[in-house]
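Reading the structure
Residue strings, one per chain:
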Amino acid sequence: MRAGLGLVDAVSKVTIPGGETLFARVGIATGAVVVGELIGEGMAQENAVVGETPNLAARLQTLAEPGTD
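Residues numbered from 1 in each chain as written. Predicted model: local features only at pLDDT ≥ 70, side-chain atom pairs only at ≥ 80, totals over all residues. Heavy atoms only, no water.

A word on the overall build of the protein chain
The helix and strand tally for the protein chain stands at two helices and four strands. Ordered by position from the N terminus, the helices and strands of the protein chain form the series α-β-β-β-β-α. Against the 2.2 N^0.38 benchmark of 11 Å for 69 residues, the protein chain shows a C-alpha radius of gyration of 15 Å, more extended than a compact globule. Along the first, second and third principal axes, the C-alpha atoms of the protein chain reach 40 × 30 × 20 Å. With 69 residues in all, the protein chain has 10% of them scored as buried. In the protein chain, the proportion of contacts linking residues at least 24 apart, taken out of those at least 6 apart, comes to 39%. Surface exposure of the protein chain reaches about 5500 Å², of which carbon and sulfur atoms provide 58%. (Helix = DSSP H or I, 4+ residues; strand = E, 2+ residues; numbered from the N terminus. Rg over C-alpha atoms; globule rule 2.2 N^0.38 Å. Buried < 20%, exposed > 50% of the residue type's maximum accessible area, 1.4 Å probe, protein only. Contact = heavy atoms within 4.5 Å. Areas by Shrake-Rupley, 256 points an atom, 1.4 Å probe, with all protein chains shown as cover.)

Next comes the structure, spelled out in structure tokens:
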């Protein structure tokens, strides 16, 4: 949670050319997940994280207002 809040804070301090400020949203959920290798080898290897927990975190992130705690 601290890392997520720190990320939201750090991103809000970044400005891009044109003076616009960036905002981040974070969704945090705890529980069991399955992590596995999908395809590829070495640096090109893709990993997957599946389960209800990452799906819930993604939904929470979508509902979060950008730049809020």
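Next comes the rest of the account.
Here we look at the environment of Thr21
Mapped onto the secondary structure, Thr21 falls in strand β2 (residues 20-21). With a relative accessible area of 35%, Thr21 lands in the partly exposed category. Note: C-alpha distance between Thr21 and Val11 (10 residues apart in sequence) is 8.3 Å.

Considering the confidence of the model for the protein chain
Averaged over all residues, the pLDDT of the protein chain is 86; the fraction at 70 or higher stands at 96%. The element-level mean pLDDT for the protein chain is lowest in strand β3 (residues 34-37), coming to 80, with helix α1 (residues 2-12) highest at 92. (pLDDT = per-residue confidence, 0-100.)

Describing the environment of Ala64
Tracing the backbone through its elements, the reader meets Ala64 in the segment after α2 (52-63). Along the primary structure Ala64 and Ala24 are separated by 40 residues, whereas in three dimensions their C-alpha atoms are 9.3 Å apart. If we ignore the near neighbours within four places in the chain, the residues touching Ala64 are Arg25 and Val26.

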